[in-house]
Amino acid sequence: MSNESIKDKRIECLCQSFKTLKEAGLISTDTMYMSVPLLEETVKYYLSDMEVLKKRYSITDRIQLHKIAGLLTNAIVRVKPVVPIPDIKSFSKDSEIYANEILAIYEGLAICSEYDLEYQITKEPWFDEWFNNFIFMLHHRRHTAESLMFIFETVSRICFPNAFLDS
């Protein structure tokens, strides 16, 4: 797959995830929007990191889903394509401060599950605490793309083991 088609796919998926989060009430378009230039910068950063990862680990083919999730999560949190509407005085809820982190985590999980909506990871009894801790880490603590890959690998091995059948 060419970088241009990967770029198009990632942009389309991120726009769809943003729309899904908006419809679920997790992000309000009354106060936040997806910046197209920052979205494109996010995907460019992801593609650059992907090339470095492939060289570093001598990957000649496609990279695993949890690695894609970690790289893209890192790019979203670094570039922050979800931005406040200009002149917004306050957010309608505290979670909007973390809109990019929410988008990053949900997109990462969607990638790991191959966008399989039948598995409802968000209904697991541990999910809310894990999710809130993940948001805190992404927003307030230091992390690397590789540490994020490891988080998504761990969740994937437990929740999406079929992703590792060909490994």
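This text follows the structure it describes.
Along each chain, residue indices are assigned from 1 in the same order as the chain's sequence is written. Owing to the predicted nature of the model, reporting of local features is limited to residues with pLDDT of at least 70; listing and counting of side-chain atom pairs is limited to 80 or more, with chain, interface and lining totals taken over all residues. Just so you know, side-chain values use all the structure's heavy atoms and leave hydrogens and water out.

**Student:** What should I look at first to understand the packing of helix α3 (residues 65–79) against helix α6 (residues 145–159) in this one?
**Tutor:** The relative placement of two packed helices is expressed as an angle between their axes plus a distance between the axes. It is the contact of α3 with α6, at a shortest axis distance of 7 Å, that shows an interaxial angle of 135°. Taken together, the axes of α3 and α6 are oblique relative to one another. Between α3 and α6 the crossing geometry is right-handed. Contacts from H66, K67, A69, G70, L71, T73 and N74 of α3 reach α6 at A145, L148, M149, F152, E153 and S156. Residue polarity follows a fixed list, in which Ala, Val, Leu, Ile, Met, Phe, Trp, Tyr, Cys and Pro are nonpolar, Asp, Glu, Lys and Arg are charged, and the others, Gly among them, are polar. Of the residues belonging to the contact of α3 with α6, the class tally is six nonpolar, five polar and two charged. A fitted line through C-alpha atoms represents every axis, and for helices the fit uses only the stretch in contact; the resulting angles, taken between N-to-C directions, go from 0 to 180 degrees. The numbering of helices and of strands both runs from the N terminus, where a helix is a DSSP run of H or I of at least 4 residues and a strand a run of E of at least 2. Geometric relationships in this document are graded by angle, where less than 35 degrees denotes roughly parallel, more than 145 denotes roughly antiparallel, 65 to 115 denotes roughly perpendicular, and other angles denote oblique. Rotating anticlockwise by less than a right angle from the far helix to the near helix defines a left-handed crossing, while the corresponding clockwise rotation defines a right-handed one. What makes two residues a contact is simply this: any of their non-hydrogen atoms within 4.5 Å.

**Student:** Would you take a moment to explain α3 for this structure?
**Tutor:** Every α-helix carries 3.6 residues per turn, so stepping three or four residues along brings you back to the same face. To estimate the expected span of a helix, subtract one from its residue number and multiply by 1.5 Å. Taking 1.5 Å as the rise per residue, α3 with 15 residues should run 21 Å; its terminal C-alpha atoms sit 21 Å apart, in good agreement. Residue burial is assigned from relative accessible area. The probe radius is 1.4 Å, only protein chains are included, and a residue is buried under 20% of its type maximum, exposed over 50%, and partly exposed in between. Along α3, the positions that sit buried rather than exposed are H66, I68, A69, G70, L71, L72, T73, N74, A75, I76, V77 and V79. As for α3, its buried residues are in contact with α1 (3–23), α2 (36–56), α4 (99–112), α5 (127–140) and α6. The positive-phi residue at the C-terminal boundary of α3 is K80, with phi of around 60°.

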